[in-house]
Amino acid sequence: MTEPAYDPRAPEIHADPYPAYRALREHDPMRLVPGARLWFLTRHRDCLAVLGDARFSARQGQRLRQGHAALPVSMLNTDPPDHTRLRRAATPAFRPRALREYERGLAPLVTAWVSRVREAAGSGREIDLAAGFARPLAVRVIAGFLGLPDDDLPDFGGWADAVAGNLDPFADRAGRGEEAMSAMAAMCDRFADHLFARIADPRQDAFTVLARGHAEGLIAPAEAMATAGLLVVGGVEPLADMITNAVAALLAEPGRWHDLTSPGRSPESLSSESLSRGRTRSSETRSPERRAVEELLRIDPPIQFTARTAREDLVVGDRVIRRGDGVVPLLGAANRDGARFADPDRLDLGRRVNPHLSFGAGPHACLGAPLVRLLARLLVSAVRGCGAEPRPGAPAIRRPGTVPRGYASLPVRWS
């Protein structure tokens, strides 16, 4: 039997990685790349085990990046106790009370941007949801969350586009990788002005939270700026891609947009899982709107994989992983594991049990997940009652990198 191939840079896998994930999970769920001391994991249970195990290092895992490009010290590339300290400094910005405060300004912003799409729907015009909606909205969401003034938005948008290359381990370090590092340096210089200004003039924003962390001795100034930079790297492009990937998934299954947006139509009523399982534990139930949000987050996540390095010899599943081996949990594959999800390739907006790994898991689980969920919920609420159903327009174009996974262009039109 021919071994299933997996190379995230291959055009066919870049376009649609899920058949390759399925083949790996069925034939070689813990694939050891010959001669590379690198493992690809596709089962949900194995990915979850690695992400929650302190014997795997995220700091050393980042060294798997092509070219060993240096990154500023941040939560992305540190282990406890440094990771714990950095995370503690940023956490107050994502607590429920802080997000409720931010939602007051975010909700009108989302409504205004969705209104632009409604206008396009009313006129029958084609609109590029990636360039014309998702990305500019994501730029404003993250800029507002940080506390950037409107005057900084033009520069910020360019920086956000460039630094997204820092997430891609296969980025060309002689080209886009250098551009990303240069943009990160320029961005952090600008952020320094805002961070120090917040010491004397605190506000309700993330810059103030980081400035307070510095004042309390939790983080050094360079770490505070790198943390703000990480919010951009892990925020703008992945947030935009979350929107476009979700819309593309809805359009790929006729009728799903109608199911999501029709007032009084509960996604739960369409769930084969809910019909077959009957009553569930209270921990498995959410409002129909929240269930739909979680399913849209699961089906095609922007962050398809992450990396760890084994600190010692250990066993995962039925395989021995040696100290120094690199391990790549394929989060997108885990999200389609039939052992954990009923009918995993189907977009089931009423799915009750949904332990997806789109935000990772364990100590390094995405700190910004509550903000992403907030935006997704506001978007779902804003499109409710929008009777017109979009249809694919001109051919969509995927973004060239492997991480984050998303669209450079997603044209849609309304009949």
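So, here is what we can say about the structure in this document.

Reading the values: the criteria
Residues numbered from 1 in each chain as written. Predicted model: local features only at pLDDT ≥ 70, side-chain atom pairs only at ≥ 80, totals over all residues. Heavy atoms only, no water. Pairing = 2+ DSSP bridges. Helix = DSSP H or I, 4+ residues; strand = E, 2+ residues; numbered from the N terminus. Contact = heavy atoms within 4.5 Å. Axes fitted to C-alpha atoms, helices over the stretch in contact; angles between N-to-C directions. Salt bridge = Lys/Arg side-chain N within 4 Å of Asp/Glu carboxyl O. Parallel < 35°, antiparallel > 145°, perpendicular 65-115°, else oblique.

### Focus on the sheet that holds strand β5 (residues 308-310)
Then step 1. Across the sheet, 5 strands lie side by side as β1-β2-β8-β5-β3; this open sheet has mixed pairing. Strands with a single pairing partner mark the edges of an open sheet, and in this sheet they are β1 (30-33) and β3 (56-57).
Then step 2. Sheet topology note: the β5/strand β8 (residues 326-329) ladder contains 2 bridges and is antiparallel. Each bridged residue has a counterpart across the sheet, and for Thr-309 the counterpart in β8 is Gly-326.
Then step 3. Its contacts with the sheet put helix α3 (residues 44-51) on β1, β2 (38-41), β3, β5 and β8, and the angle it makes with β8 is roughly 125°.

### Comments concerning the pattern of salt bridges
Then step 1. By the definition in use, this model includes 29 salt bridges.
Then step 2. A salt bridge links Arg-190 to Asp-152; the nearest nitrogen and oxygen atoms lie 2.8 Å apart. Taken as a pair, Arg-190 in helix α9 (residues 176-200) and Asp-152 in the loop between α7 (129-146) and α8 (153-163) lie far apart in primary sequence, 38 residues in all.
Then step 3. A network of salt bridges, in which partner residues are shared, links Arg-22, Arg-336 and Asp-345.

### Considering the packing of α7 against α8
Then step 1. Relative to each other, α7 and α8 sit at 110°, their axes nearing to 10 Å. With respect to α8, the axis of α7 lies roughly perpendicular. Of the residues in α8, those in contact with Arg-135, Val-139, Arg-140, Ile-142, Ala-143 and Leu-146 of α7 are Leu-153, Phe-156, Gly-157, Ala-160 and Asp-161.

### Quick notes on the pairing of strand β12 (residues 411-414)
Then step 1. As defined by bridge partners, strand β4 (residues 127-128) adjoins β12 across 2 bridges and the pair is classed as antiparallel. If you follow Ile-127 over to β12, its bridge partner there is Val-412.
Then step 2. Of the strand pairs in this sheet, strand β9 (residues 390-392) and β12 are connected by 3 bridges, and their pairing is antiparallel. Note on β12: the bridge partner recorded for Pro-390 is Trp-414.

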